[in-house]
Amino acid sequence: MDGNPGEPESVSASVLVDLKEFRRNKEQLPITFHRRELDAILRLYSCMVAEGEWRDYALDHLKDKAVFSVFRRTSEVPMFRIEKNPKLARKQGAFSVIAASGLIVKRGHDLAQVLKVFDKSPKLVRG
């Protein structure tokens, strides 16, 4: 308001907004992997591709979680899903590896620890 006594109220640009209401109604951004998380996942993916285990991947950013799915063949269902679900961060951990059957293979707070489920165990070779 410029201070003109004859100016109508509708011309005024000041609008009072309830912050709680604004945050509640604001459209939620999708959950994404951070750069370091994605780097760790892609490093694992490249090793598994080099070994011939995995051949394709899909990346989904949803409202409630981010999902990195890995495939042996493009036309199949994913062999594994690496999920980030921030709602579970204080409980079981935000990160989980889920098999094609829906079984949660590993879950935890630290992505590096969760991805260790894919580490190959040493095998005894007899000569």
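Further up the page is the structure itself.
On a predicted model such as this, the values are computed, not experimentally measured, just so you know.

(A) Looking closely at the packing of aromatic side chains. Scanning the model with the defined rule gives 6 aromatic pairs in all. Between Tyr 45 and Tyr 57, the ring centres sit 5.0 Å apart and the planes meet at 75 degrees, which makes this aromatic pair edge-to-face. Pair noted here: Tyr 45 is in helix H2 (residues 35–50) and Tyr 57 is in strand E1 (residues 56–61), with a separation of 12 residues, a long-range link. Given the relative accessible area of 12%, Tyr 45 is considered buried. Assessed through its relative accessible area of 38%, Tyr 57 is described here as partly exposed. Taking the centre distance of 5.1 Å and the plane angle of 85 degrees together, the rings of Phe 80 and Phe 118 count as edge-to-face.

(B) Expanded view of the pairing of E1. Sheet analysis places E1 next to strand E2 (residues 66–71), joined by 6 bridges and oriented antiparallel. The residue bridging His 61 from the neighbouring strand is Ala 66, located in E2.

(C) Examining the pattern of salt bridges more closely. Taken as a whole, this structure holds 4 salt bridges when the rule is applied. Between Glu 37 and Lys 84 there is a salt bridge, and its shortest N-O distance comes to 3.1 Å. On the criterion of sequence distance, the pair formed by Glu 37 in helix H2 and Lys 84 in strand E3 (residues 80–84) is long-range, its members being 47 residues apart. Comparing Glu 37 with Lys 84 shows no difference in burial state: the two are buried. The shortest N-O distance in the salt bridge between Arg 81 and Glu 83 comes to 3.0 Å. One salt-bridge network, held together by shared partners, links Lys 65, Arg 81 and Glu 83.

(D) Region of interest: the pairing of E3. Across 5 bridges, the pairing between E2 and E3 is antiparallel. Looking at E3, one finds that Ser 69 is bridged to Arg 81. Both E3 and strand E4 (residues 95–99) contribute to a ladder of 5 bridges, which runs antiparallel. Pairing of Arg 81 across the sheet is with Ile 98, part of E4.

(E) Spotlight on a nonpolar patch on the surface. Nonpolar side chains collect at one region of the surface, where Val 15, Val 17, Leu 19 and Phe 22 lie side by side and expose about 420 Å² of accessible area between them. When you line up the elements, Val 17 lands in the segment before helix H1 (19–25). Given the relative accessible area of 54%, Val 17 is considered exposed.

(F) The arrangement of the sheet that holds strand E5 (residues 104–108) in detail. Taken in spatial order, the 5 strands make up an open sheet running E1-E2-E3-E4-E5, and their pairing is antiparallel. Bordering the open sheet on either side are E1 and E5, each of which pairs with just one other strand. In this sheet, adjacent strand axes meet at a mean angle of 15 degrees when their direction is disregarded. The sheet contacts of H2 involve E1, E2, E3 and E4, and relative to E2 the element is tilted by about 5 degrees.

Reading the values: the criteria
- Residues numbered from 1 in each chain as written.
- Predicted model: local features only at pLDDT ≥ 70, side-chain atom pairs only at ≥ 80, totals over all residues.
- Heavy atoms only, no water.
- Phe/Tyr/Trp six-rings, centres within 6.5 Å; stacked < 30°, edge-to-face > 60°.
- Helix = DSSP H or I, 4+ residues; strand = E, 2+ residues; numbered from the N terminus.
- Buried < 20%, exposed > 50% of the residue type's maximum accessible area, 1.4 Å probe, protein only.
- Pairing = 2+ DSSP bridges.
- Salt bridge = Lys/Arg side-chain N within 4 Å of Asp/Glu carboxyl O.
- Patch = residues over 30% accessible without salt bridge, like charges linked within 9 Å, V, L, I, M, F, W, Y side chains within 5 Å.
- Areas by Shrake-Rupley, 256 points an atom, 1.4 Å probe, with all protein chains shown as cover.
- Axes fitted to C-alpha atoms, helices over the stretch in contact; angles between N-to-C directions.
- Contact = heavy atoms within 4.5 Å.

So far we have only geometry, and geometry alone does not tell us how the molecule works.
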